[in-house]
Amino acid sequence: AQQPGTPLSNQEYHQFFRSLRAAHRASTVCLLRGLYGCQNPLVQRLDEYENHGVIPEGPVCSELPGTPLFPNFCAFSFYRCARKRYFIKV
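The structure presented is a predicted model; accordingly, all values stated were derived computationally and were not measured. (Residues numbered from 1 in each chain as written. Predicted model: local features only at pLDDT ≥ 70, side-chain atom pairs only at ≥ 80, totals over all residues. Heavy atoms only, no water.)

## Overview of helix 3 (residues 41-50)
What helix 3 keeps buried is the set Val43, Asp47 and Glu50. For helix 3, the angular spread of buried residues about the axis comes to 60°, placing them on one side. Exposed residues pointing more than 90 degrees away from the buried face of helix 3 are listed as Pro41 and Arg45. Just beyond helix 3, the residue with positive phi is histidine 52, at close to 55°. (Buried < 20%, exposed > 50% of the residue type's maximum accessible area, 1.4 Å probe, protein only. Helix = DSSP H or I, 4+ residues; strand = E, 2+ residues; numbered from the N terminus. Arc of directions from axis to C-beta.)

What follows is the structure in structure tokens.
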């Protein structure tokens, strides 16, 4: 069992994003995030699923070298959407 709040494993990410692989599906989630913010219940459910049931609190960083720390998971998710780098892990 994974620790709540930790990112999914590579295999779990593959499963999670299987339905979002088409760019239009991933961009639709980003559109929802942009329109309704991270407090939208659907967006929160996706964020929780992506992180084993708990949306991480506090600063987060990504696998990308040289990227700054993000103040929270919401900011990190907006970064992924803005850069169209949907599959970057925390």
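## Observations regarding the pattern of salt bridges
Evaluated as defined, the whole model comprises two salt bridges. The salt bridge partner of aspartate 47 is arginine 33, with a shortest N-O separation of 2.7 Å. Residue aspartate 47 is found in helix 3, and its partner arginine 33 is found in helix 2 (residues 23-36); the two are separated by 14 residues along the sequence. The same class applies to aspartate 47 and to arginine 33, which are both buried. We note a salt bridge from arginine 80 to glutamate 50, for which the minimum N-O separation is 2.7 Å. One end of the pair, arginine 80, is in helix 4 (residues 73-83); the other, glutamate 50, is in helix 3, and 30 residues separate them in sequence. (Salt bridge = Lys/Arg side-chain N within 4 Å of Asp/Glu carboxyl O.)

## Digging into the packing of aromatic side chains
In total, this model carries three aromatic pairs according to the counting rule given. Each ring, one from phenylalanine 70 and one from tyrosine 79, has its centre 4.9 Å from the other, and the planes form 55°; the classification is tilted. Each member of the pair, phenylalanine 70 as well as tyrosine 79, is classed as buried. Seen in terms of ring centroids, phenylalanine 73 and phenylalanine 76 are 5.8 Å apart; in terms of plane orientation they differ by 50°. Their pairing is tilted. On the criterion of helical spacing, the pair formed by phenylalanine 73 and phenylalanine 76 is a turn pair, its members being three residues apart in helix 4. Three or more aromatic residues link up through ring pairs in this structure, and these residues are Phe70, Phe73, Phe76 and Tyr79. (Phe/Tyr/Trp six-rings, centres within 6.5 Å; stacked < 30°, edge-to-face > 60°.)

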